[in-house]
Amino acid sequence: MIDRARLVGRWFRSAEEDQGGRLVFRGPEHEFPPSRAARSSIDLEADGTAAVGRAGPADRAEYSPGRWELEGDRLRLAWHGREERYEVLEAGADRLVVRRVEDDV
C-alpha cells in the first residue's frame, strides 16, 4: 500500500531516468541537467487538487488545474477532460516512479 502523503508535493519529470516504461519524477530540489523546454510536472495537493504542467508556447510551462486520487497503488490524474492512470512503483522523499496503466481491469 502506498502512503498517500508521500505523493503530495511538486514533481518534475526526469525523462533522463525513464526506463522500460517507468516514468521518473523528482522534487524541485533535484539538480536536473539543462533542458531546452520546460519540464513536465505535476503538483499534487493534500486536498486532491492538482496542477499539470506542460511546455507551452516558447517552451514556457503552462499549468492546467485538475484532480488526483490514490486507490491502493493506482494514481488517477484528471485535468481538462483528460485522465491518466498510473501504477505507483516507488514513492520516496525525492523520487516518484510510476508506470502508465491503460486499463485497470
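Heads up: the structure comes first, above all this text.
Worth saying up front: this structure is predicted, and the values here are computed from it rather than measured.

Colleague: Describe the overall build of the protein, with residues and values.
Modeller: Of regular secondary structure, the protein possesses zero helices and eight strands. Helices and strands in the protein line up, N terminus first, as β-β-β-β-β-β-β-β. By the compact-globule yardstick of 13 Å for 105 residues, the protein fits well, its C-alpha radius of gyration being 13 Å. Summarising its shape, the C-alpha atoms of the protein cover approximately 40 × 25 × 25 Å along the three principal directions. Looking at the protein alone, contacts between residues at least 24 apart form 39% of all its contacts between residues at least 6 apart. Per element, the accessible surface of the protein, about 6500 Å² overall, is 45% carbon and sulfur. Computed over 18 positive and 22 negative side-chain charges, the separation of the two mean positions in the protein equals 2 Å.

Colleague: Can you explain the pattern of salt bridges? Please cite residues and give values.
Modeller: Here the structure, examined in full by the defined rule, presents 14 salt bridges. E16 is the partner of R39 in a salt bridge, and the nearest nitrogen-oxygen pair spans 2.7 Å. Taken together, the residues span a long stretch of sequence, with R39 in the loop between β2 (22-26) and β3 (41-44) and E16 in the loop between β1 (9-13) and β2 at a distance of 23 residues. R39 sits in the buried class, given a relative accessible area of 15%. You can call E16 partly exposed: its relative accessible area is 46%. Measuring nitrogen to oxygen at the nearest pair gives 3.8 Å for the salt bridge that ties D94 to R26.

Colleague: Account for the side chain of R26, with residues named and values stated.
Modeller: Within the secondary structure, R26 is located in strand β2. A polar atom in the side chain of R26 sits 2.8 Å from the side chain of E17. Not counting residues up to four positions away in its chain, the partners in contact with R26 are R10, W11, F12, S14, E17, F32, D94 and R95.

Colleague: Go over unusual backbone geometry, please, and point to the residues and values.
Modeller: The residue H80 is not glycine, and still its phi comes out positive at about 40°. Take H80: it is sitting in the loop between β6 (74-79) and β7 (82-91).

Colleague: An account of the nonpolar core is requested, with residue identities and associated values reported.
Modeller: A general trend in soluble globular proteins is that nonpolar side chains are found buried together. If you look at the biggest cluster of nonpolar residues, it comprises 18 residues, and the most contacted ones within it are L7, I42, L44, W68, L77, V88 and L96. Secondary structure elements with two or more residues in this core: β2, β3, β4 (49-55), β5 (61-71), β6, β7 and β8 (95-101). Excluding residues that lie within four positions of it along the chain, W68 makes contacts with R4, L7, V8, L44, E45, G48, T49, A50, L75, R76 and L77.

Conventions used here
- Residues numbered from 1 in each chain as written.
- Predicted model: local features only at pLDDT ≥ 70, side-chain atom pairs only at ≥ 80, totals over all residues.
- Heavy atoms only, no water.
- Helix = DSSP H or I, 4+ residues; strand = E, 2+ residues; numbered from the N terminus.
- Rg over C-alpha atoms; globule rule 2.2 N^0.38 Å.
- Contact = heavy atoms within 4.5 Å.
- Areas by Shrake-Rupley, 256 points an atom, 1.4 Å probe, with all protein chains shown as cover.
- Lys, Arg positive; Asp, Glu negative; His and termini not counted.
- Charge placed at Lys NZ, Arg CZ, Asp CG, Glu CD.
- Salt bridge = Lys/Arg side-chain N within 4 Å of Asp/Glu carboxyl O.
- Buried < 20%, exposed > 50% of the residue type's maximum accessible area, 1.4 Å probe, protein only.
- Polar contact = N/O pair within 3.5 Å; in protein donor to acceptor, adjacent residues only side chain to side chain.
- Core = buried A, V, L, I, M, F, W, Y, C linked by side-chain atoms within 4.5 Å.

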